[in-house]
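The residues making up each chain are set out below.
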Amino acid sequence: MRHAWIFVISMFMAALSQPALATINAWLNQNQVGSGESVQLTLQHEGETDKQPDLSPLKQDFDILGNSTGSSIQITNGKMSAKIQSSFMLMPKHSGKIIIPALQWDGQYSSPLTVTVADNNAAQAGNTNPGKKTAHAFITTTVDQKQPFVQAAVTLIVRLYVDEPLYQASLAFEPNDDVLIQQTGKDQQTTETRSGQTYQVIERKYMLFPQRSGQIKLNGPVLNALTPDSRAPDPFGQDPFFSNAFGQNPLAGMMGATRPIRIQGDPLILNVRPRPTGATGHDWLPAQNVTLDQTWQPDSGSIHVGEPITRHLHLSALGVAENQLPDLSQRMSLPTGLRAYPDQPKLNTGVQGDSILSTRDQNIAVIASQAGHYEIPAMLLDW
C-alpha cells in the first residue's frame, strides 16, 4: 500500500515538471461599439508563465482602463494543463475600423483582431440605417458667438444625450491656459427623441473668457462614466475550463456589472478679436454693466491725527470674471499728509440670469500724519 502512494506522488511531481505548450488565443467581447464605449480584450496563454503580455502596440489607438487576470491548473491522468487569462478594458481613441495587432506574450503572438467604432457625428445627426449601431451617449456644444473680443464672455451650452443610466459620471474640460472656463447655474434635464430613439438630455452652461487674441482651440468637454453592461461579459466565458476549474468563476462580476465609457464633444474654435483701437480707457472691461460705489466709516465728524477713517469700495461688473476687475486701491491719489493702507480685497462671482456677476470689495484705511483740511479726489474708472 505504501508503494502505491509513492507511485501516485511520483506521477504528480512528474506532471508538474513537464513543460507546457505556450500559445496565445485572443478575442473581443464585441466587434462593434459606439463612440466612447469600451471593448474588452481577452488574452489566453496556454501554459504557465510569470511574464506579462506586451500591450505597447495598443497605446496608439486605445487607452487601457483596467485589467483582471486569472489562472488555473488541472492534472488529468498524470498530465498537467495550465492556462492564464488576462482581460483588458480598452477605450478607443478614435472612430473607424481599428486593428488590434498581434500581441506578444512570453515569446508567443496572438492573431490580429478588428473592432469597428461608430462615428460620434453620425450618432448626433440621427441613425437612419437600422443595421448600424447607435451610440448610447454623445455630446453637443453651441456658443453664442465665435468672434468675441479678448476677455469678453462667451456663453457655451453643453448638452449630454444618454439613453442608459450613468454612474460615477464626471464632465470636465481639459486645462487650457488661453481660456478661463466658469460654470453657471444648475444642470437642466429634459428628454428628446432623435430618429425614434429617446434620450435623456442634461444641459449645462459655461462662460468662456478668452485670454488672448487670435485663433484659440478649446477641446470639447470629456464625459467619463460607468454604464450598466447588459451583455454581462464573463472574461473567461468562452473557456469552460476556467468556468469550471473551481466550481465557480472567482472573477465573475468584476468587469461585467458595468462598463466604462468616455465621450468627448467636438472642439471649439474661437477667432478672438483684440481690444478695439478706440477703447482708450485705462481699463478694458468688456462687460454689460459696471458700477462703482463707496462708503466712509465714520461718515461724519472730526478726525484726529493718527486716527484711521475707512473708505470702502464696491466694484461690480456683469459678464466678466472676478480676476478681471482692477485693483482701484493702487490708483487712489491722496494729498500730502495722508497715507492709505488697503486691506485684502474680497472677490466673488455669482450667477445672474444666463451670465455671471463679479464683485470686488475692499477697505482702505486713510490716516492723517498732520492736522489740516484735506480733500480726497473722486475715484474714477474708465472702461
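Below, the structure is looked at part by part. Source: prediction; values computed, not measured. (Residues numbered from 1 in each chain as written. Predicted model: local features only at pLDDT ≥ 70, side-chain atom pairs only at ≥ 80, totals over all residues. Heavy atoms only, no water.)

Side note on the nonpolar core
Right, so step 1: Counting 23 residues, the largest nonpolar core has Ile139, Leu156, Val158, Leu208 and Leu223 as its most contacted members.
Right, so step 2: Among the elements of the structure, β10 (137-143), β11 (154-162), β14 (197-210), β15 (214-218), β16 (222-228), β17 (258-264) and β18 (268-272) are those that each provide at least two residues to this core.
Right, so step 3: The leading source of residues in this core is β11, at five residues.
Right, so step 4: Setting aside anything within four residues of it in sequence, one finds Val158 in contact with Ile139, Thr140, Thr141, Leu171, Phe173, Ile202, Glu203, Arg204, Tyr206 and Pro221. (Core = buried A, V, L, I, M, F, W, Y, C linked by side-chain atoms within 4.5 Å. Buried < 20%, exposed > 50% of the residue type's maximum accessible area, 1.4 Å probe, protein only. Helix = DSSP H or I, 4+ residues; strand = E, 2+ residues; numbered from the N terminus. Contact = heavy atoms within 4.5 Å.)

Notes on the packing of aromatic side chains
Each aromatic ring pair is specified by the distance between its two centres and by the angle formed by the two planes.
Right, so step 1: Applying the stated criterion to the full structure yields five aromatic pairs.
Right, so step 2: With 6.1 Å between their ring centres and 80° between their planes, Phe149 and Trp284 make a pair best called edge-to-face. Of the two residues, Phe149 sits in the loop between β10 and β11 while Trp284 sits in the loop between β18 and β19 (289-297), which places them 135 residues apart along the sequence.
Right, so step 3: Considering the side-chain rings of Phe173 and Tyr206, the 5.1 Å spacing of their centres and the 90° angle between planes classify their relative orientation as edge-to-face. Of this pair, Phe173 sits in the loop between β12 (167-172) and β13 (179-194) while Tyr206 sits in strand β14, and the two are 33 residues apart along the sequence. Accessibility classification places Phe173 together with Tyr206 in one group, the buried group. (Phe/Tyr/Trp six-rings, centres within 6.5 Å; stacked < 30°, edge-to-face > 60°.)

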